[in-house]
Amino acid sequence: MKDGPDISRVAALIGDPARANILTALMSGKALTASELASEAGVTLQTASAHLSKLEGGGLIALRREGRHKYFRLAGDEVADVLEALMGLAAGTGALRTRPGPRDPEMRRARVCYNHLAGDMGTQMYDALLARGVLRRSGDALELTDAGRRFVTGFGIDLEALPKSRAPLCRDCLDWSERRLHLAGQLGRAMLSRIEEIGWAARVTGTRVVRFSREGEAAFAEMFGGGE
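Not measured: the values here are computed from a predicted model.

Here is what the cut-offs are and how they apply
- All residue numbers here refer to positions counted from 1 along the written sequence of the relevant chain.
- The model is predicted, so local features are restricted to residues of pLDDT at least 70 and side-chain atom pairs to those at 80 or more, both for listing and for counting; the totals for chains, interfaces and linings are taken over all residues.
- Remark: hydrogens and water are excluded; side-chain values derive from all non-hydrogen atoms of the structure.
- Here, axes are lines fitted to C-alpha atoms. For helices the fit covers the stretch in contact, and angles between N-to-C directions go from 0 to 180 degrees.
- Going along the chain from the N terminus, every DSSP run of H or I of four or more residues is numbered as a helix, and every run of E of two or more is numbered as a strand.
- Oblique is the label for any angle not covered by the other classes, which are roughly parallel (under 35 degrees), roughly antiparallel (over 145) and roughly perpendicular (65 to 115).
- Every residue pair with non-hydrogen atoms within 4.5 Å of one another is taken to be in contact.
- The rule is simple: take the accessible area with a 1.4 Å probe, protein chains only, and divide by the maximum for that residue type; under 20% is buried, over 50% is exposed, in between is partly exposed.
- Two strands make a pair as long as DSSP finds a minimum of two bridges between them.
- Aromatic pairs are defined between Phe, Tyr and Trp rings, using the six-membered ring for Trp, whenever the two ring centres lie within 6.5 Å; interplanar angles under 30 degrees are classed as stacked, those over 60 as edge-to-face, and all others as tilted.

Considerations on the packing of helix 7 (residues 120-131) against helix 10 (residues 214-224)
No. 1: Interhelical geometry of helix 7 versus helix 10 gives an angle of 30 degrees and a closest axis separation of 9 Å. Regarding the angle of helix 7 to helix 10, the classification is roughly parallel. Within the contact between the two elements, helix 7 uses Met-121, Gln-124, Met-125, Ala-128 and Leu-129 and helix 10 uses Glu-217, Phe-220, Ala-221 and Phe-224.

Printed below as a string of structure tokens:
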């Protein structure tokens, strides 16, 4: 096709293994330095800088300066959506990287997907919120019901205090490991932040893993079902 968006350009940017590793690292939602991303990509700092320049030029990442320091993050939710969808496609076709060790099952159990909860516990929460009428589907859109607003407020989230953003309040995101949906959008971020704030879980430094305490997992299961 000669007219329309040039998907080959974006695909080429993502398709390089080192750049794919950089983008995957930024799925944690955190802004990282070039040195940190070089380590994630397994390349030298000079090579990482060249990759970062291409990703920034292609609109996939954004640069933030704080004094003399430079930090990189994904350019927005739409980039994270594409990456998560590609992870699901790769997993579904058997294109998996071998990463043995205890963190692999932990990643599938609960992880960060660009600041919202993904993995088994993320899909479990999403299903429970739909089943209880907290969320409802309206065509392709996902809506927070009036009962949902009461539930969210009772959980300690101030909807009026959420940052003003073009991002929708709630939307769904396809989970690459579960091949089911989890909650994204501003509400998805707020739910994960609240889960961390009340001490149910914490992010594991240097990974996308979200690790629940025994008490936190029990409380999560009581609220969202599916407990052992």
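Further notes follow.
Some remarks on the pairing of strand 7 (residues 171-174)
No. 1: Burial of strand 7 is one-sided: the residues Arg-171 and Cys-173 facing one way are buried, the residues Asp-172 and Leu-174 facing the other way are not.
No. 2: The pairing of strand 7 with strand 8 (residues 181-184) spans four bridges and is classified as antiparallel. Looking at the pairing, Asp-172 lines up with Leu-183 of strand 8.
No. 3: Here strand 7 folds back onto strand 8 in antiparallel fashion, the turn holding six residues, of which Arg-179 has a positive phi close to 60 degrees.

Remarks on the packing of aromatic side chains
No. 1: Tallying each qualifying case throughout the model produces four aromatic pairs.
No. 2: Relative to Phe-224, the ring of Phe-151 lies with its centre 6.4 Å away and its plane at 65 degrees, an arrangement referred to as edge-to-face. With Phe-151 in helix 8 (residues 146-154) and Phe-224 in helix 10, this pair connects stretches of sequence that are 73 residues apart.
No. 3: Centre to centre, the rings of Phe-220 and Phe-224 are 4.8 Å apart; their planes meet at 55 degrees, and the pair counts as tilted. Within this pair, Phe-220 and its partner Phe-224 are both found in helix 10, separated by four residues, close to a single helical turn. Neither residue differs from the other here; Phe-220 and Phe-224 are each classed as buried.
No. 4: The structure contains a cluster of three or more aromatic residues connected by ring pairs, namely Phe-151, Phe-212, Phe-220 and Phe-224.

Without other data, these values stay purely geometric and don't point to any function.
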